[in-house]
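Topology and contacts: notes
What follows is each chain in one-letter form.
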Amino acid sequence: MSESAPALVTRSSGSQAARDGALVAPSRADRPRRRKADWRQRLEIALLSGPAIIVFLTFVIFPVFMAAYYGFYKWKGFGVPTNFVGLQNYLTIFTDKNFLDALSHNGFIVVASLVMQGPAAIAFALLLNQNIRGRSLIRVLIFIPYVISEVIVGTGWGLMLQYQGAVNSMLTSMGLGAFKVDWIADPKIAIWTLMVIISWKYIGFAVILMLAGMQSIPDELYEAAAIDGASYWKIQRWITLPLLGPTIRVWAFLSIIGSMQLFDLVYIIWGQYVASTAGTSTMATYMVREGRLAGNYGYGNAVGVAIFVISLVIALTYQRFVLRRDTEGALTGEPGRKRR
Amino acid sequence: MSQVALTTRVGSGRRRRHASASGATWGSPATYLVATVLIAICIAPVLYIIIGGFRTNSQITVDPSGWPSPWVVTNYLSVLASPVFWQEFANSAISAVSTTIGAVALAMMVSYVIARYRFAGRNAMYALFAAGLMFPLTVAITPLYLLIKNMGLTNNLLGIILPQIAFALPTTVIILVPFLAAIPKELEEAAAIDGAGRISFFFRMVMPLSLPGVITTGILAFIGAWNGYMLPLFILNNAAQYTLPLGVQAFSSEHSVDTAAVLAFTSLSMIPALLFFSIFERRIVGGLSGAVKG
């Protein structure tokens, strides 16, 4: 578990810095009265790191292990689970059409997010990477949707997209009344509506990320290309895009994980029942509906474990085949190797 | 939340291009056209919520996408006069502030250990928190609810604050460790010569010097807690403990015919996060852009 996916993404710089820090700290062992200092250091370590580790283990790690345990029982959430059913919950999950539908919606959202947000974010970042006036204001404004809570986004968009709502009324006033549809309840449309809202909410994050990646490309490369007479588009194609690779791969990883866990927006706009009929249910909304709301806690926990395992397999596969070259240094622990 | 933290590392350790304001140009009109369209798309829904709150229900029914005529402030005034709104506002504030203080304080202490002490298990400690990013709330929420229920903390703000602190720790630790590691050893040696132990060094030197990192992580924790939905949804069933996200949802289902009031309630509840963001935007966006010294 310690070598899990996102950890690797961050370790290259994070643990490297930590390692440098360790060299910085003077070694207590070199000093006289070594034993006393040693005990004192242990006490300090325990006092300083204890609270965080206890809180973290109690509320993050422990529940996940409990989910694995509860998942083997048929259990209503009261008292100690006694009705051991083995893998029955998991068999039910993977034969329930509702779950498989939800899984396929998650899959669709993963792919559509990458395809819709990726190229658009790179294009917008290229636009903003020019040294134009008002760039910082633009950066702030496109980041606003990301800062607003999912509930507000869901409520606002939900009202705008009602059949009698602002979007359809605008279409009518623009003479496009023929395109009026029921954006939320129509099963043919709903998942695309969801994709538009997701893209709107999260593209600012992608743009900021791509922009950060572009700004870390050394100026010398651009200067050299300009001296060689390369055109703007050639420079972007042969310098910016290749060097943006690591950023794109990390963003894609975050986007995939986020899409697998999607809950808030769907649950707020579509609710527990409409989501499955409108074709926007996700594994997480399925888990809440079949687990907590139906009172089947054993089953709900099993669904949670299934989501975790599916996400983990995807994360590790991605790690193995896509992120590997970015994190090689971290994986092999080669000191001083920087991710490029 | 965890996503935000991960990415701060992306640009770190590399050179940042210095684009001074003086060198800025006006660019081509096409650039501005595209940028304007992009911004319009980003903020139009937000403006729709805010401006819609200034209309009456009959205005909204007649023309859902129109402009207020006349502008009415009664929706906003009645929300501001409602004790329910302020109760939920206070609950959100308590939850977000406690989460921020708790997460930053605990993370500072453990990051200090990871960054500046040498002992076996230090890397394991870092790996533990880094691995926490792989345990999203979605997976843990059902057993977490049971745990909180067994602790008797449902319908208690503490029941969301403690898990929020725990889930904010990985991000916070990963951002803070490089900050603390970057403090020069000379300072610590000088402090030791002056007779300060490492604990006193922590309070006198480390805390002030790592303030930028503390602010960045604090903002992330605050916004995450302020906007949190899934955890309060599971833990808080009693309207008296609702935070604003639950309040917005409850209000919009209770007043589903009163669209104008819903819009006013919604826009008032997003103001604190927006305000907080606009005050500290340089730190958040700058931090994401790799300005955080890694």
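Residues numbered from 1 in each chain as written. Chains lettered and ligands numbered in written order. Predicted model: local features only at pLDDT ≥ 70, side-chain atom pairs only at ≥ 80, totals over all residues.

**A few points about helix α8 (residues 158-181) of chain B**
Residues and elements named next belong to chain B. Compared with an ideal rise of 1.5 Å per residue, which puts 24 residues at 34 Å, α8 spans 32 Å between its outermost C-alpha atoms and is within 8% of the ideal. The sharpest bend along α8 measures roughly 40° and falls at Leu169, with the proline Pro170 sitting one to four residues further on. The buried fraction of α8 is high, at 23 of 24 residues. (Helix = DSSP H or I, 4+ residues; strand = E, 2+ residues; numbered from the N terminus. Expected span 1.5 Å × (residues − 1). Bend = angle between axes of the 7 residues up to and from the residue. Buried ≥ 20, exposed ≤ 12 C-beta atoms within 10 Å, placed from the backbone.)

**A few points about the packing of helix α11 (residues 245-260) of chain A against helix α14 (residues 297-321) of chain A**
Residues and elements named next belong to chain A. Two numbers describe how α11 lies on α14: the axes approach to 10 Å, and their chain directions differ by 170°. Classified by the angle their axes make, α11 and α14 are roughly antiparallel. Between α11 and α14, the residues in contact are Phe253, Ile256, Ile257 and Met260 and Ile310, Ser311, Ile314, Ala315 and Tyr318, respectively. Looking at the contact of α11 with α14 residue by residue, the classes come out as eight nonpolar, one polar and no charged. (Axes fitted to C-alpha atoms, helices over the stretch in contact; angles between N-to-C directions. Parallel < 35°, antiparallel > 145°, perpendicular 65-115°, else oblique. Contact = placed C-beta atoms within 7 Å. Nonpolar A, V, L, I, M, F, W, Y, C, P; charged D, E, K, R; others polar.)

**Considering the environment of Asn83 of chain A**
Position of Asn83 of chain A among the secondary structure elements: in the loop between α2 (34-70) and α3 (88-95). Note: C-alpha distance between Asn83 of chain A and Ala178 of chain A (95 residues apart in sequence) is 56 Å.

**Focus on the confidence of the model for chain B**
Residue and element names in this part refer to chain B. When pLDDT is averaged along chain B, the result is 78, and 87% of the positions lie at 70 or above. This stretch, residues 1-22, has a pLDDT under 50; its non-local contacts, to residues over four places away or in other chains, come to 62 contacts. Scored below 50 in pLDDT, residues 290-294 makes 21 contacts in the model with residues more than four places away or belonging to other chains. Complex prediction metrics read pTM 0.79 and ipTM 0.81. (pLDDT = per-residue confidence, 0-100.)

**A word on the environment of Ala112 of chain A**
Note on placement: Ala112 of chain A falls in helix α4 (residues 97-128). Between the alpha carbons of Ala112 of chain A and Met283 of chain A there is a distance of 17 Å; along the sequence they are 171 residues apart.

**A closer look at the nonpolar core**
Ranked by internal contacts, the top residues of the largest apolar core, which has 174 residues, are Val207 and Met210 of chain A together with Ala107 and Leu169 of chain B. No other element matches the 16 residues that α8 of chain B contributes to this core. Contact partners of Leu169 of chain B, with chain neighbours within four places excluded, come to Ala52 and Phe56 of chain A together with Ala103, Leu106, Ala107, Phe129 and Gly132 of chain B. (Core = buried A, V, L, I, M, F, W, Y, C linked by C-beta atoms within 7 Å.)

**Some details on the environment of Ile138 of chain A**
Its location among the elements puts Ile138 of chain A in helix α5 (residues 135-147). On the basis of neighbour count, Ile138 of chain A is assigned to the buried category, with 21 C-beta atoms found within 10 Å. Ile138 of chain A sits ten residues away from Leu128 of chain A along the chain, and the two C-alpha atoms are 8.1 Å apart. Beyond its immediate stretch of four places on either side in the chain, Ile138 of chain A contacts Leu128 of chain A together with Ala35 and Ile39 of chain B.

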